Amino acid sequence: MKDVSYLEDRVGIVEKDIAEIKTDIADIKSDISKFRSDVNHRFDLIDERFDLIDERFGTIDERFGTIDERFAVVNRTLGNMERGNALMRDSIANLEAGQIEMRQLLARVVARLEGVPQ
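Residues numbered from 1 in each chain as written. Predicted model: local features only at pLDDT ≥ 70, side-chain atom pairs only at ≥ 80, totals over all residues. Heavy atoms only, no water.

*Asks:* For this particular structure, what's the right way to read the overall build of the protein chain?
*Replies:* From N to C terminus, the protein chain includes 1 helix and 0 strands. Relative to its length of 118 residues, the protein chain is extended, with a C-alpha radius of gyration of 50 Å against a globular reference of 13 Å. C-alpha atoms of the protein chain, sized along the principal axes, occupy 165 × 20 × 10 Å. The buried share among the 118 residues of the protein chain stands at 2%. For the protein chain, the accessible area works out to roughly 11,300 Å², and carbon and sulfur atoms hold 59% of it. Within the protein chain, one finds 18 positive and 25 negative side-chain charges whose respective centroids are separated by 8 Å. (Helix = DSSP H or I, 4+ residues; strand = E, 2+ residues; numbered from the N terminus. Rg over C-alpha atoms; globule rule 2.2 N^0.38 Å. Buried < 20%, exposed > 50% of the residue type's maximum accessible area, 1.4 Å probe, protein only. Areas by Shrake-Rupley, 256 points an atom, 1.4 Å probe, with all protein chains shown as cover. Lys, Arg positive; Asp, Glu negative; His and termini not counted. Charge placed at Lys NZ, Arg CZ, Asp CG, Glu CD.)

Here's what the structure looks like:
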């Protein structure tokens, strides 16, 4: 009988250990579940932040597009101004050439009137 009571004590201890292990396993499962939930929550936050960053980059891209368009307008305006200045330079050169011709013509007319031989 002594062997039976020893075995019963040992079985009781093993059953108690098994119950404790089951409790520990349940706690570990609970901790893992909480960890997963926390990780998922953090991934959700990271995803939200990436979405915000993507949105901001989209806004920046739009602004750069607007700036590029404005620079294109400025470049076209400068080109038009340069063409206008070139036309004015040509006109001024033509006026100067005409003025020189008129000066020479007037000098010859005055010389004829004064009787200077040419």
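*Asks:* What exactly am I supposed to notice about the environment of Val14 here?
*Replies:* As for its placement among the helices and strands, Val14 is situated in helix H1 (residues 2-114). Once the C-alpha coordinates of Val14 and Arg89 are considered, the two residues, 75 residues apart in sequence, prove to be 108 Å apart.

*Asks:* For this particular structure, what's the right way to read a negative patch on the surface?
*Replies:* Taken together, the side chains of Asp44, Asp47, Glu48, Asp51, Asp54 and Glu55 make up a negatively charged region of the molecular surface. Following the sequence through the fold, Asp47 ends up in helix H1. Judged by relative accessible area, which is 44%, Asp47 ranks as partly exposed. (Patch = residues over 30% accessible without salt bridge, like charges linked within 9 Å, V, L, I, M, F, W, Y side chains within 5 Å. Salt bridge = Lys/Arg side-chain N within 4 Å of Asp/Glu carboxyl O.)

*Asks:* Just checking my understanding: could you explain a nonpolar patch on the surface for this structure?
*Replies:* On the surface, Phe43, Ile46, Phe50, Ile53, Phe57, Ile60, Phe64, Ile67, Phe71, Val74, Leu78 and Met81 cluster together into a nonpolar patch covering about 1,200 Å² of accessible area. The residue Phe57 is located in helix H1 in this model.

*Asks:* Where do I start with the pattern of salt bridges in this structure?
*Replies:* Pairing of side chains with opposite charge becomes possible as their charged atoms draw close. One pass over the structure, following the stated rule, counts 1 salt bridge. Among the ionic pairs, Arg42 bridges to Asp38, the shortest N-O distance being 3.2 Å. Within this pair, Arg42 and its partner Asp38 are both found in helix H1, separated by 4 residues, close to a single helical turn. What makes Arg42 exposed here is its relative accessible area of 51%. In this structure Asp38 comes out as partly exposed when scored by relative accessible area, which is 32%.

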